[in-house]
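# What the coordinates show
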Amino acid sequence: MSRVITVGAAQLGPIQRSNDRASVVARLVALLRQGAAAGCDLVVFPELALTTFFPRWFVDDITQADHWYETEMPSAVTAPLFDEAKRLSVGFCLGYAEMTPEGRRFNTQILVAKDGATVAKYRKVHIPGHEHHEPDRPFQHAERYYFEPSMEGFGVWQAFGGRMGMMICNDRRWPETYRVMGLKGVEMILCGYNTPIHYVPDPSQDILQGFHNALVMQSGAYQNGTWVVGVAKAGVEEGVDSLGQSMIVAPSGQIVAQTLSTDDELITARCDLDWCRRYKETLFDFDRYRRPEVYGPITGQRGVVLD
Ligand code: CDT
C-alpha cells in the first residue's frame, strides 16, 4: 500500500516593510485555501514568512529590531491561519523570527498538524552572512547578528503518516543537514528560504543561484532517499531581488513541481513516501554501505586541516 501525502509549496512574493502582519496572514490564508481546494494534506510556507527579510538592515541597538520577532505562536495576528487550517483540516509549516521568553533569538520553523496542534519546532542551524555592519554592501545579510545558531540539531518527527524533517534556507546547502535526518529515516524535508540573487562576496555566483538551489536539494533528496519541499519568498523586496524556483523534489532527485513566477504561487504534488524505500533500501542502504569508521573528520573538525 502506498503512503501518499499531497503537499503544497506556497511560495510568497515579496513582503515590503510597510506590509503589516495581518495583510501577510491574509495572503497565507488565501494560499492555504488554494491548497485545501487542491487536496493538500500539508502546505509549506517560506522562511521568515510573516515579515520582510529584515536582516538586510542593520540596527546598532538590536532591541530596535524586536518588533520583527514573534514572542508567541499562535498569536492574535496569526490565529486566523491556525483557525483556518484547523477548519479546513490542512496542516502547515511556517517560518518566522522567534524571540524566547529569555530573550533568545532564533530563525524558526514549525510544523502544525491538521488539528491545529504544533507537532514540531525547528531552529536554524547554519546561520549565513555576517555579524557586524558592512557599510560597503548594497544591502546587509546580518543573520549572524539577529539569530543565534540552534544547538538542537535536526529532528525528524512522525507526522502526516511519515517521517518529517525540517531545515531552513542556508541549511539546504550543507550535505550534513540531509544526512543527519537521513540517518533518522526522514521521508520528507520541509524547507523555507530567502535567497538574494546578488551574492555580495562573489557576484560570479549570481547567475548560478537557481542552479545551486536545485543542485543542493536534488542531490540531498537523492542521496538520502527523501522528498524535499523547498519554498521561496521571492521577487523584489525592498529593492533586493530574491530567487523563486520553489520546488518539490522526489527521492529520485527529480523535480516534480516548480513555481513559474516570483509572486504568491502554490504548486502541489502527490508524494508517495514509499518511493523513499527504492533508494533507502538499494543504492543508499546506509546500514550496508556507509563507512562511518572513516568519516570521523566530518564531526571531529570544523574547517579544513591540511595533512
Ligand atoms: N536566508 C538564507 O539563509 N539565505 C542564504 C543566503 C546566503 S548569502 C548570505 C542562502 O543560503 O540562500
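Quantities reported herein were computed from a predicted structural model and do not represent experimental measurements.

Moving on to the nonpolar core. Ranked by size, the top nonpolar core spans 48 residues in total, and within it L111, M188, L190 and I248 carry the most contacts. Residues contacting L111, with those up to four places away along its chain left out, are L42, F92, C93, A117, T118, V119, A120, A159, F160, M164, M166 and L190. L12, F82, F92 and I110 belong to the second largest nonpolar core, which has 25 residues in total.

Let us now look at the environment of I62. Tracing the backbone shows I62 in the loop between β2 (42–44) and α2 (79–88). Along the primary structure I62 and Y146 are separated by 84 residues, whereas in three dimensions their C-alpha atoms are 7.6 Å apart. When residues no more than four places from it in sequence are discounted, the contact partners of I62 are R105, Y145 and Y146.

The subject of this paragraph is the sheet that holds strand β13 (residues 255–258). If you walk across this open sheet you meet the 6 strands as β6-β7-β8-β9-β12-β13, and the pairing is mixed. Both outer strands of the open sheet, β6 (156–159) and β13, are each paired with one neighbouring strand and no more. Adjacent strand axes in the sheet meet at a mean angle of 20 degrees, parallel and antiparallel pairs treated alike. Sheet topology places strand β7 (residues 162–168) next to strand β8 (residues 188–193); 5 bridges connect them, and they run parallel. Its bridge partner being in β8, M164 is matched across the sheet by M188. Along the sheet, helix α5 (residues 209–224) makes contact with β8, β9 (227–232), β12 (247–249) and β13, crossing β12 at roughly 25 degrees.

Conventions we followed
- Residues numbered from 1 in each chain as written.
- Predicted model: local features only at pLDDT ≥ 70, side-chain atom pairs only at ≥ 80, totals over all residues.
- Heavy atoms only, no water.
- Core = buried A, V, L, I, M, F, W, Y, C linked by side-chain atoms within 4.5 Å.
- Buried < 20%, exposed > 50% of the residue type's maximum accessible area, 1.4 Å probe, protein only.
- Contact = heavy atoms within 4.5 Å.
- Helix = DSSP H or I, 4+ residues; strand = E, 2+ residues; numbered from the N terminus.
- Pairing = 2+ DSSP bridges.
- Axes fitted to C-alpha atoms, helices over the stretch in contact; angles between N-to-C directions.

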